[in-house]
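Summary of structural features
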Amino acid sequence: TAAYAVFGHPVAHSLSPRIHAAFARQTGVEMQYVAIDASPGDFQGAIERFWRAGGRGANITLPHKEAAMALCATHSDRARRAGAANTITAAPNGWHADNTDGVGLVHDLTERRRLDLRGRRVLLLGAGGAARGVAPALLDAGIGELWIVNRTPEKADALSDALGEPGRVHTRYPADLPDLGAFDMLVNATSAGRGAGGLDLPFSLATARTLAVDLSYGEAAISFLAWAGAAGCEHRLDGLGMLVEQAAESFALWHGQRPDTDAVYDALSARAD
Ligand code: ATR
């Protein structure tokens, strides 16, 4: 059976093995999918050992998404635009890099939640790997404006430059947040919820109709979504749906069939409640 894996550090709590096993059962695909913990210093070696052991594809998670780009021979356009890979696939001449995070998010919002993103004024908080992964797909989904605010402003500017759409993409400093008015959608792509320091956001960013999305799920999403609740946002989502959808997109790349995600999402969200 073909071998697939998720590489991360840490990776023990990754839901990806469970998600891909459920997809494989549903579609009748024979494969094994394991979690492999690789420290940054050993990532390249771990990927090479995986290749020699018959590895055919892998998901890449924190902190390796940028390093994965560097060791791939070829890159999809969306991986290049994100500067980060979450999916690599074995090809005759080496690994091929792709990124399904952005389409995963858009799929969750537009298909599962039936939300219309077109024309929305969107604030993206953060400019790291997660932000870079979703920004191109949000633009492709037809949002009206993308405002990027990051603690380190140079990274917001670099992301804006890479997106190459000066008419729709704007950057501001964190200190400008109180002056930006309300948004139709707030996307927390920072890792602040995974660490000690929280975000300091003014309530003026949101109204009751603002959609608040945290790209993290579980504990890491709690503080931003609690802030959004206090700010009055009626629609608040964590990144569990995006996780399941990006996995389905990766599964489709590898196995040629896109699994039905509803049952897997329902099982995981019931477990998380
Ligand atoms: P990821 O792959 O999760 O995006 P990353 O590439 O390390 O991880 O990016 C983390 C993002 O969260 C960055 O935008 C980071 O801001 P900096 O670029 O200034 O480092 C942001 N971030 C992390 N902790 C934060 C905090 N306490 N307050 C605000 N932003 C934070």
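Parameters and conventions
Residues numbered from 1 in each chain as written. Predicted model: local features only at pLDDT ≥ 70, side-chain atom pairs only at ≥ 80, totals over all residues. Helix = DSSP H or I, 4+ residues; strand = E, 2+ residues; numbered from the N terminus. Rg over C-alpha atoms; globule rule 2.2 N^0.38 Å. Buried ≥ 20, exposed ≤ 12 C-beta atoms within 10 Å, placed from the backbone. Arc of directions from axis to C-beta. Contact = placed C-beta atoms within 7 Å. Near = placed C-beta within 6 Å. Nonpolar A, V, L, I, M, F, W, Y, C, P; charged D, E, K, R; others polar. UniProt positions renumbered as here; feature names shortened; annotations may be inferred.

This part is about the overall build of the protein chain. When helices and strands are counted, the protein chain shows ten helices and twelve strands. Here the C-alpha atoms of the protein chain give a radius of gyration of 18 Å, agreeing with the 19 Å that 2.2 N^0.38 yields for 273 residues. With the C-alpha coordinates aligned to their principal axes, the bounding extent of the protein chain is approximately 55 × 40 × 35 Å. Expressed as a percentage of its 273 residues, the buried residues of the protein chain come to 47%.

With that settled, the discussion passes to helix 7 (residues 153-163). Buried residues of helix 7: Ala156, Leu159 and Ser160, and no others. For helix 7, the buried positions fall inside an angular range of 100° around the axis, keeping them on one side. Of the residues in helix 7, the exposed ones pointing more than 90 degrees away from the buried face are Glu154 and Asp161. Summarising the contacts, the buried residues of helix 7 are in contact with helix 6 (129-140), strand 8 (145-149) and strand 9 (169-172). In the segment just after helix 7, Gly164 is the residue with positive phi, at about 65°.

On to the site of the ligand. Contacts to the ligand come from 18 residues, most closely from Gly128, Gly129, Arg151, Thr152 and Gly197. The dominant element in the shell around the ligand, judged by the number of residues it contributes, is helix 6, at three residues. Here the shell around the ligand is built from residues that sort into seven nonpolar, nine polar and two charged.

This part is about the UniProt feature "domain: Shikimate dehydrogenase substrate binding N-terminal" (unreviewed entry) in the protein chain. As annotated by UniProt and renumbered to match this structure, "domain: Shikimate dehydrogenase substrate binding N-terminal" (unreviewed entry) occupies residues 6-88. Along residues 6-88, the helical share is 42% and the strand share 24%, with 10 Å between the first and last C-alpha atoms.

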